[in-house]
Structure formats: structure tokens, C-alpha cells
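Single-letter residue listing:
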Amino acid sequence: MAEGPGLAELQRRFFELVTGPEGVARELAARGLPPEALAAIIAGDARASAVERLDVYANMYFFRILDVLRADYPKLVAVLGDGAFHDLATDYLQAHPSRHPSLRFVGAALPGFVAAHAAAARRPWLGELAALEWARVDVFDRADADVLGRDALAGLGPEEFADLRLVPVPACALVPAAFAVEDPWRAVEAGSSPEAPGRAGDGHAILVWRRGLVVHHRAVEGGERRALDLLLAGTTFGALCAALGEALGSDAAAAELAARCLGQWLADELLAGRLT
Amino acid sequence: MIDVPALGHGIGLRAEHYAAVLSNPPPVDWFEVISDNFMVPGGNPRRVLRAVRERWPVVLHGVSLSLGGTDPLDARYLDELAALAREVEPAIVSDHLCWGGHGGAYAHDLLPLPFTEEALAHVAERVLRVQDRLKRRILVENVSSYVAFTQSTMAEQEFLAALAERADCGLLLDVNNVFVSAHNHGFDARAFIDAIPIGRVGQFHLAGHSTLGALLLDTHDHPVRDEVWALYRQAVARFGAAPTLVEWDDKLPPLARVVEESLRAKAVAAEALAQGRPREAPAREGARG
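Residues numbered from 1 in each chain as written. Chains lettered and ligands numbered in written order. Predicted model: local features only at pLDDT ≥ 70, side-chain atom pairs only at ≥ 80, totals over all residues.

Asks: What exactly am I supposed to notice about the overall build of chain B here?
Replies: Along its length, chain B carries nine helices and twelve strands. Computed over its C-alpha atoms, the radius of gyration of chain B comes to 18 Å, within 12% of the 19 Å expected for a compact globule of 289 residues. Oriented by its inertia axes, the alpha-carbon framework of chain B measures out at about 50 × 45 × 40 Å. (Helix = DSSP H or I, 4+ residues; strand = E, 2+ residues; numbered from the N terminus. Rg over C-alpha atoms; globule rule 2.2 N^0.38 Å.)

Next up, the structure:
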């Protein structure tokens, strides 16, 4: 076997140096090593020193992931600005190095991270805006499903209707939000300057789903929010009416709300599956 | 020897070109897709892949097998790749001679290996396990590199030749990567190609590169450079008409410009073949690499 560290040890050292936050020279210094220490494992020459060569990988590591985060969180970039987003990404990667072979998932933990980051100190709604953006990324390529259409419900008797199992399409998520972050999202989308959103009412959330190939979202609250929680937990139309009736204290009001929600969800193409 | 499908010349399927590809099918022979981008449950990527596959042969090119990594092979990734291959029935499945992470974390890069006996034994064993799982031979691609390890005991081309023999795999010869690494490390690109065994090369890659100081970077953001075309002529003369892909990923031009580059590759390959018959006959049509 050749002299030098074994393959696993070599990769450990290499990986630590190229994934540090401030470049290879700083990473070496942080370990009390002079740049010459790299000469033991990496050959430098007149074209470029060992540090410069390893820095190519360090820069590619950071900027490749930064590009993906920018693509996944364009509204967050617009709110923070390029410099602050760059700093956020630097901190994020130190706390959450990628744990999935696909870059598709590299930004999954950013909503929770930004909510607790200094960048959110004066904008307590940033985490929720990021959660909305991630939900849109996440439903984009979730599994396809047949959509439940109005035709399938025609002719159902009352008992069959009560037993109708309601199943959301897989490409669907509900993002709880104390702030109306759909407003700054819409502002950036329209090319306007985003303003701080106001506090939203109790039960405010944002429903994100894919209809066909296109991702949609809309704010929900009140009765529909309650109904969506039940839908996502798994329910039948009859159980939905009963649960809403308990919450509202009125079977008639519950039936009216359930029917209104069902109509909206059918129009949204939010329901999947077969009748059971 | 490996069987080389007579596919012709292809281009990469990129999201920016989806609409153009489907609305006005370009005159290319096949598409290469980055496997990782389509290992998702549904939505538009899978729809586009199905539509493309109905019309063209497709080859699967991965970036995350980490054949040289010392973390365990990712069983879930392999399962998903196997499932995608069952669905797509690709003419070729390939990945890179590299590693991609450590300690469960991923760099999302094609990191270089030392060319040692230890690394060779390690990679060969993993290639064999991947081929066993996928129930097919894969092609392993040489990568561009910016560092060379002092402990290497053999040249990259020796390593590749030995790997192909030990693992009984094919090689995807990225001609641009040969040129970039030759510049960065000061070796002879033509000698590199002459040392790759005939009968193991199942596909070529061509791409553009850029400069960073005294180094060249494999950025896939330019047309193919003249020096790389010259190496491609040499490669076709040596290995025959293996399927050839023009990679263009960054600063992506309109689809027609990428197709134009692919048609140029086809013309260059035809010239090279006309000037001198390759030492081995081109492979059988319909074979699987």
C-alpha cells in the first residue's frame, strides 16, 4: 500500500477542508496546520498551490448548494437580499450539511433554521415564508394520483355519502402560519417590494397543492382549516360532518360547512383515490 | 469487451428545454438524463421523461453512486436507480470514478480519488456490487480533477484500465475531462487516450470548459473547444463510433444551439471514421452497454 493516510482517512480530511465555511486556508489554520501541511497529501505546482487547488472544490461545494437554495427560496432571497442570503446559507450548511444524495432535499431544513436565525430577529415571519416556499418545492414532484371528480359522487345515497372516504392527493401540504406570509410571497412574485405581513387570525394556514403539473397555494382559516386538519388526518364525509358538528355545536352548520369544503376541494382537484 | 449500442449522437435532457423538446422534437438520436433528477415520485419531471422515452432511446447518467466513497453504498439510492432503470429501460447506465461525501454528508460534487491499489480494489468491489444489484454492466466515467494526490502509485488511465478489467465494467470516456485534467496536472492527453483499452469504451462525453487562473474547470458552459474536438477525433479513430453526448448545463443556450453542437460531433466522428478504420469493429445495434 502507498504511504499516506488510508482512503477513508484521506476522504475525511479532504471533506472537512472543502466544506468549511471560510475556505481551505482558514480551515487549515483553525486546525493549527500551515498550508505546507497539505503537501503531504496533495501535490501543488507552478500552476496552483495545493491550497488553491483544494479551494476549487471548496468554492464549488458552497456555490453549487447556494444556487440550489436560491432557486428553492426566491422569495426569501428577495426579502433578505443577496448578501444576507449568502450569509444565511453559510450558517445553514454548517448546521445542516446535506444528508441526501440528491440536491433536491438540501434545503429541507431551512425553514426551521431561518426561523431561529439572526436574520429573523426583526422579521419573525421569515420561517413561515420559507416554509411556504419549501412546501411548493416539495409538492412539485410528489406522486401523481387520480383525482376524485364530481361525476364519481353523482347518484350516491345518503349512507354511501357518509361512508365516502376523503383522501387528499399526495402532492398536498398544509403550512400553519401565524403571519399572512402569502402577502410578501405574492408581492415578490408580482415584482413588487415585499412588506412585512400582518399577524393572521387564529387557525390561519396556507394550503399548498399540485393540480395537474402546476403548484398552487391559498390561505385558509376558520372552518375550512379545521376541516383540512381532519382531511389530512384521514376521514370520511360522515366523520367530517360529525367532528365539525361537535366543534360548531350545530349539525346543520357542520353539514353546510362540510358540503362547502367538499365542493371547493373537488374544484381544486385536491381529492384523490377511489370510493370505498 | 463490452457491447456498445449503436445509438449515434445525443444531448442531455435539461429542464430549461423540456417545452422545446416536446413541442418541436429536435434531430438528435437519443437523450441522456441525470438519473438523480428523475428519482422522484411524480410531477412534471416524470411526465417529460415518459414522453421523451416514447420517442427516443434514453441513457441514465448518475452523479451520486459515490463509487469511490468509503461510506457504505446507499441501498435506498440503488433501489431507486434500479426502479428507474426498470421503467426507462435505458440503453446505458453510467456514473463517475469519484466519491461524493463522507460521514453521511454529501458534497454534491465529483471528488477525485488517489490512484492507489487500495482505491482500485475498493472501487472495483463497489462497481461489482452495483452491477449485481442493477443486473447489468455500467459505464464508469473519468472526471475532471483539480488536485493530484501524492500517494498515487499509478496514472489515472492505468487505474481506469485496471478497474474495467477487475470489475468487468465499461468506461465512459469524457474527452473534455481528459483535456481538463491533462492541463491541470501536466500530462499528455493523447497518451491518456492511447492507454485506455479498446473494447471497454461504451460512450463518449464532450463539453466546454472555462479557465480559473492557471487551471481549467469542467463547467459545461461553453461550446466544445477546438483542442477537445481534436482529441475526440483521436478517440473515435481508436475506439470506434461509440454513442456521443454533448453536455451543456450552465449558461444554457437555446435547444437548437445544443443540437448544432451534437450535429458537429456527428460530422467530426464521421470524418474520423472515414480517415481511418478503428482497430475494432463498431458494436452491434441494439446491444446493451
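Asks: I'm lost on the environment of Thr150(B) in this one. Help?
Replies: Tracing the backbone through its elements, the reader meets Thr150(B) in the loop between strand 7 (139-141) and helix 5 (156-167). What makes Thr150(B) partly exposed here is the crowd of 17 C-beta atoms within 10 Å. Along the primary structure Thr150(B) and Tyr18(B) are separated by 132 residues, whereas in three dimensions their C-alpha atoms are 44 Å apart. When neighbours within four sequence positions are excluded, Thr150(B) is seen to be in contact with Gly4(A), Ala40(A), Ile41(A), Ile42(A) and Ala43(A). (Buried ≥ 20, exposed ≤ 12 C-beta atoms within 10 Å, placed from the backbone. Contact = placed C-beta atoms within 7 Å.)

Asks: What should I look at first to understand the sheet that holds strand 12 (residues 244-247) of chain B in this one?
Replies: Where strands meet in a sheet, backbone hydrogen bonds hold them as pairs that are either parallel or antiparallel. All names here are of chain B. Spatially, the eight strands close up into a barrel ordered 1-2-3-4-7-8-9-12, and their pairing is parallel. Strand-to-strand twist in this sheet, taken as the mean axis angle between neighbours without regard to direction, amounts to 30°. Across three bridges, the pairing between strand 1 (residues 9-12) and strand 12 is parallel. Within strand 12, the residue paired with Ile11 across the bridge is Val246. Its contacts with the sheet place helix 6 (residues 175-185) against strand 8 (170-174) and strand 9 (201-207), and it is angled at close to 65° to strand 9. (Pairing = 2+ DSSP bridges. Axes fitted to C-alpha atoms, helices over the stretch in contact; angles between N-to-C directions.)

Asks: Explain the pairing of strand 4 (residues 214-220) of chain A to me, please; I cannot follow it from the model alone.
Replies: The side chains of a regular strand alternate, first on one face of the sheet and then on the other. Residue and element names in this part refer to chain A. Looking at chain direction, strand 3 (residues 205-211) and strand 4 are connected through seven bridges and run antiparallel. Bridge pairing in strand 4 links Ile206 to Ala219. Joining the antiparallel neighbours strand 3 and strand 4 is a turn of two residues, in which Gly212 adopts a positive phi near 65°.

Asks: What is the right way to look at the pairing of strand 12 of chain B in this model?
Replies: Residues and elements named next belong to chain B. Side-chain alternation along strand 12 places Thr244 and Val246 on one buried face and Leu245 and Glu247 on a second face that is also buried. Both strand 9 and strand 12 contribute to a ladder of four bridges, which runs parallel. Considered in strand 12, the bridge of His205 is made with Leu245.

Asks: Can you help me understand the interface of chain A and chain B in this one?
Replies: When the parts of a complex come together, some accessible area is lost, and that lost area is often used as the size of the interface. Of the residues lining the interface, 44 residues belong to chain A; the matching set on chain B comes to 40 residues. Listing elements by their share of the side of chain A that touches chain B, those giving two or more residues are helix 1 (7-18) and helix 3 (50-72) of chain A. Across the side of chain A that touches chain B, the residue classes tally to 26 nonpolar, seven polar and eleven charged. (Nonpolar A, V, L, I, M, F, W, Y, C, P; charged D, E, K, R; others polar.)

Asks: Looking at this structure, I do not really get the environment of Leu160(B). What am I missing?
Replies: Residues and elements named next belong to chain B. Tracing the chain through its elements places Leu160 in helix 5. Leu160 gets classed as buried once you count the C-beta atoms within 10 Å, which come to 26. Between the alpha carbons of Leu160 and Asn142 there is a distance of 7.8 Å; along the sequence they are 18 residues apart. If we ignore the near neighbours within four places in the chain, the residues touching Leu160 are Leu97, Asn142, Leu171 and Ile196.

Asks: Hey, could you run me through the sheet that holds strand 2 (residues 172-176) of chain A in this one?
Replies: Residues and elements named next belong to chain A. If you walk across this open sheet you meet the three strands as 2-3-4, and the pairing is antiparallel. At either end of the open sheet lies a strand with only one pairing partner, and these are strand 2 and strand 4. Between one strand axis and the next, the sheet turns by 20° as a mean value, whatever way the strands run. One ladder, built from five bridges, connects strand 2 with strand 3; its direction is antiparallel. When the bridges of strand 3 are listed, Cys172 appears paired with Trp209.

Asks: Is there a simple way to explain the packing of helix 8 (residues 226-239) of chain B against helix 9 (residues 255-275) of chain B in this structure?
Replies: Any two packed helices are characterised by the angle at which their axes cross and by the distance between the axes. All names here are of chain B. The contact between helix 8 and helix 9 brings their axes to 8 Å, and the two run at 50°. Overall, the two elements helix 8 and helix 9 adopt an arrangement that is oblique. Between helix 8 and helix 9 the crossing geometry is right-handed. Residue-level inspection shows Trp229, Tyr232, Arg233, Val236 and Ala237 of helix 8 in contact with helix 9, the latter providing Val268, Ala269, Glu271, Ala272, Leu273 and Gln275. (Parallel < 35°, antiparallel > 145°, perpendicular 65-115°, else oblique. Left-handed = near helix turned anticlockwise from the far one by under 90°.)

Asks: In this structure, what is going on with helix 2 (residues 44-55) of chain B? I would like to understand it.
Replies: All names here are of chain B. A rise of 1.5 Å per residue sets the reference length of helix 2, with its twelve residues, at 16 Å; its end C-alpha atoms lie 17 Å apart and thus fit the reference within 8%. Buried residues of helix 2: Pro45, Val48, Leu49 and Val52, and no others. For helix 2, the angular spread of buried residues about the axis comes to 100°, placing them on one side. Residues of helix 2 that are exposed and point more than 90 degrees away from the buried face comprise Arg50 and Glu54. Contacts from the buried residues of helix 2 go to helix 1 (18-23), strand 2 (30-34), strand 3 (58-61) and helix 3 (75-88). (Expected span 1.5 Å × (residues − 1). Arc of directions from axis to C-beta.)

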